[in-house]
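Reading the structure
If you want the building blocks of each chain, they are given just below.
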Amino acid sequence: MGSVSNKAEQLQRKIVQAEKELQDLRKQLAELESPTLHADVDQGLGSTSDLSESTKDLPEWKWPLREEEYLRYGRQLILPTVGIKGQLNLKSTAVLIVGAGGLGCPAAAYLAGAGVGTLGIVDGDTVEMSNLHRQIAHSTSRVGMMKVDSLIEYCNGLNPEVAYAPHREHLTPQNAESIVSKYDLVLDCTDHPTSRYLISDICVLLQKTLVSASALRTDGQLIVLNNPPAAQGATDGGPCYRCVFPKPPPADSVVSCGEGGILGPVVGVMGVLQALEAIKLIAAGTGKPAISIPKEPVNPSLLLFSATSSTPFRSIRMRSRRPNCFACSPGSTLTLKELNSGSLDYVQFCGVTSPVNVLKPEERITAKEYNDILAKQSSKKHLLLDVREREHFNIASIPGAINVPFSTLQSRNKLTPNDENSRPEYIPESLPDDAPIFVVCRVGNDSQLATQRLKEMGLDGGGGRFVGDIKGGMLAWKHEVDKTLPFT
Ligand SMILES: [Zn+2]
């Protein structure tokens, strides 16, 4: 069976590759044919000396768009929001999408469909199976492919008229200027605070308007920043990301889609709204520069989306630029040179720490060691606390484990040690005072903090009871003990 599915996968890849080559050939042919025609048209019908028989009889084309463009964009051309001027603006604009994931896929698809001139896409990741429920431009047959290439393949199928520019790397302080400077408008479709501050800073420095969105679990937010894109220090420019969020969220509250979960349509809604904002901005502009400076100052608003709320959309009016903003205020010391040099540490600024390492080696056991304990004694002689969120626990857990989500554990008030009434409800009454307590989480970070917390609560009986964690969490359990475990 394995070899059959491998063979099928190989064939699928070959088909994708062949289709891509065919597309490229068609595009090359189209490019080769269209400039000749345009050159002839430009010269007027008088100079027909080297015209082929087939083009000689064509009447002069006197319209600003090509014939197929009227067909392709007809439905949006007749809208007052777009019109012929808006369509020409779109065609002359270069848009950069940072992140080819859940936001980037729908945003790129709609911008490609609308006919922007150039669409640049930045991402250093490859397509994974777990991406597909929300990153709809990728496909099962393209798992393992660079996301940038997969997304461009999808968009090219949708609209080969657009020029696509792949940037197969993550945006860094070092490459940000050279990439972003080529574009007129930027869409932040990433999923981490570190990249949000970097993208905002480079957009301030290069005076680019930024459409920023984020989504997690069932919620999303959207804001258009640096609009109008006035120079650093100018008070008539729109606020930047740092004006709205001067401080990053506490590092331990930052969860990625991998840990916090995400509902596909939620991130889809936000990505579609980003494309919509981008199209509105470009179509309303003067063309050069792509995003025009409005006469009246624009008061930006932060759009909040909550899929589970009875009023899913709410809008909050934001202030203009913050007078003491680190990036865009008159007193700002942020420069391109400083950014390029890498002296600004975004990872440190966001307090994103490397894996937690707070327990001593003797306070930790391996998954295999815990499995041996489980084989020798019943779970009544010890306690295993699983501190993942309930949804993770409900998918798969170790036999006998009790679920106490880390968030619950964190929010509990300190207990007085040795107080009879202080036994938390998740510690069974029948558990002997010296029975060890083991803690497990997803990958072995929260379990260390939970172990510390339990000790602070006095549950180690002043050293009389072992309290420790399983190194590497459920991921280690999957590798070392139970390969069948569905890891989420
Ligand atoms: Zn600012």
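Residue positions within a chain follow its written sequence, with the count starting from 1. Owing to the predicted nature of the model, reporting of local features is limited to residues with pLDDT of at least 70; listing and counting of side-chain atom pairs is limited to 80 or more, with chain, interface and lining totals taken over all residues. Values reported for side chains reflect all heavy atoms of the structure, with hydrogen atoms and water molecules removed beforehand.

1. Let's talk about the nonpolar core
So the rule is basically this: Among the buried residues, those of types Ala, Val, Leu, Ile, Met, Phe, Trp, Tyr and Cys that are joined through side-chain atoms within 4.5 Å form a nonpolar core. Burial status follows relative accessibility: with a 1.4 Å probe on protein chains alone, a residue under 20% of its type maximum counts as buried, one over 50% as exposed, and anything between as partly exposed. Each helix is a run of H or I in the DSSP string that is no shorter than four residues. Each strand is a run of E no shorter than two, and both are numbered from the N terminus. Two residues qualify as a contact provided that any one of their heavy atoms is within 4.5 Å of a heavy atom in the partner residue.
Among the nonpolar cores identified, the biggest contains 40 residues, and Ile97, Leu111, Leu119 and Leu187 are the most heavily contacted of them. Every element with two or more residues in this core is listed here: β1 (94-98), α5 (104-114), β2 (118-122), α6 (147-158), β4 (185-188), β5 (209-216), β6 (219-225) and α11 (264-284). Dropping the residues within four chain positions of it, leucine 111 is found in contact with Val95, Ile97, Val116, Leu119, Leu187, Ala275, Ala278 and Ile279. Counting residues in each nonpolar core, the second largest holds 37 residues, with Val122, Val186, Leu210 and Tyr346 among its members.

2. A short note on the sheet that holds strand β11 (residues 402-403)
Cut-off, in case you're wondering: What makes two strands pair is DSSP finding at least two bridges between them. The axes are straight lines fitted to the C-alpha atoms, using for helices just the contacting stretch, and the angles between their N-to-C directions are given from 0 to 180°.
Read from one edge to the other, the open sheet built from five strands follows the order β9-β13-β12-β10-β11, with strand pairing classed as parallel. Pairing within the sheet leaves two strands with one partner each, and these edge strands are β9 (364-365) and β11. Relative to β11, strand β10 (residues 383-386) runs parallel, the two being bridged by two bridges. Note that in β11 the partner of aspartate 386 across the bridge is asparagine 403. Where helix α17 (residues 446-456) meets the sheet, it contacts β9, β10, β12 (437-440) and β13 (467-470), and its direction lies at approximately 170° from that of β13.

3. Some remarks on the pattern of salt bridges
Quick reminder of the rule: Just to be clear on terms, a salt bridge is a Lys or Arg side-chain nitrogen sitting within 4 Å of an Asp or Glu carboxyl oxygen.
Inspection of the entire model under this criterion finds 13 salt bridges. Residue lysine 280 is joined to glutamate 277 by a salt bridge in which the shortest nitrogen-to-oxygen separation is 3.2 Å. With a gap of three residues between them, lysine 280 and glutamate 277 both fall in helix α11, about one helical turn apart. Under the relative-accessibility criterion, lysine 280 is labelled partly exposed at 38%. The network of salt bridges with common partners includes Arg66, Glu68, Glu69, Lys91 and Glu161.

4. Quick notes on the coordination of the zinc ion
Heads up, the rule is: Counted as coordinating are nitrogen, oxygen and sulfur atoms within 2.8 Å of the metal, or 3.2 Å for Na, K and Ca, while water is not included, which may make sites look incomplete. Only two sets of limits are used to name each site, 85 to 135 degrees for every angle of a tetrahedral four-donor site, and over 155 degrees for opposite donors with all other angles from 65 to 115 for a square planar four-donor or octahedral six-donor site, with any other site named irregular.
The protein atoms that coordinate the zinc ion are Cys240 (SG), Cys243 (SG), Cys325 (SG) and Cys328 (SG), at distances spanning 2.2 to 2.3 Å. Seen from the zinc ion, its four donor atoms lie at angles of 93 to 121°, and the figure they make is tetrahedral. Written as a sequence motif, the donor residues of the zinc ion are C-x2-C-x81-C-x2-C. The exposure class assigned to cysteine 240 is buried, which follows from its relative accessible area of 1%.

5. Description of the pairing of β2
Rules: Orient the strands so they point away from the viewer, and a crossover whose first-strand-to-second-strand path over the helix runs clockwise is right-handed.
Along β2, four of the five residues are buried, which leaves the element largely enclosed by surrounding structure. Where β1 and β2 come together, five bridges link them in parallel fashion. Paired with alanine 94 across the strands is threonine 118, a residue of β2. The parallel pair β1 and β2, bridged by α5, forms a crossover whose chirality is right-handed. In the sheet, β2 pairs with strand β3 (residues 163-167) via five bridges, with the strands oriented parallel. Paired with valine 122 across the two strands is histidine 167, which belongs to β3. The β-α-β motif built from β2, the intervening α6 and the parallel element β3 has right-handed crossover chirality.

6. Quick look at α17
Turning to α17, its buried residues are Ser447, Gln448, Ala450, Thr451, Arg453 and Leu454. Immediately beyond the C-terminal end of α17, within one or two residues, lies glycine 458, with a positive phi of roughly 85°.

7. Quick word on the packing of aromatic side chains
The criterion, for reference: Only rings of Phe, Tyr and Trp enter the pairing, Trp through its six-membered ring, and a pair is recorded when the two centres are within 6.5 Å. The plane angle decides the type: under 30 degrees is stacked, over 60 is edge-to-face, the rest tilted.
What the rule picks out here adds up to seven aromatic pairs. Where tyrosine 370 meets tryptophan 477, the ring centres are 6.1 Å apart and the plane angle is 55°; that geometry is what we call tilted. One end of the pair, tyrosine 370, is in helix α14 (residues 367-376); the other, tryptophan 477, is in helix α18 (residues 473-480), with 107 residues separating them in the sequence. Taking the relative accessible area as the measure of exposure, tryptophan 477 reaches 5% and is therefore buried. Taken together, Tyr370, Phe438, Phe466 and Trp477 form an aromatic cluster joined through their ring pairs.

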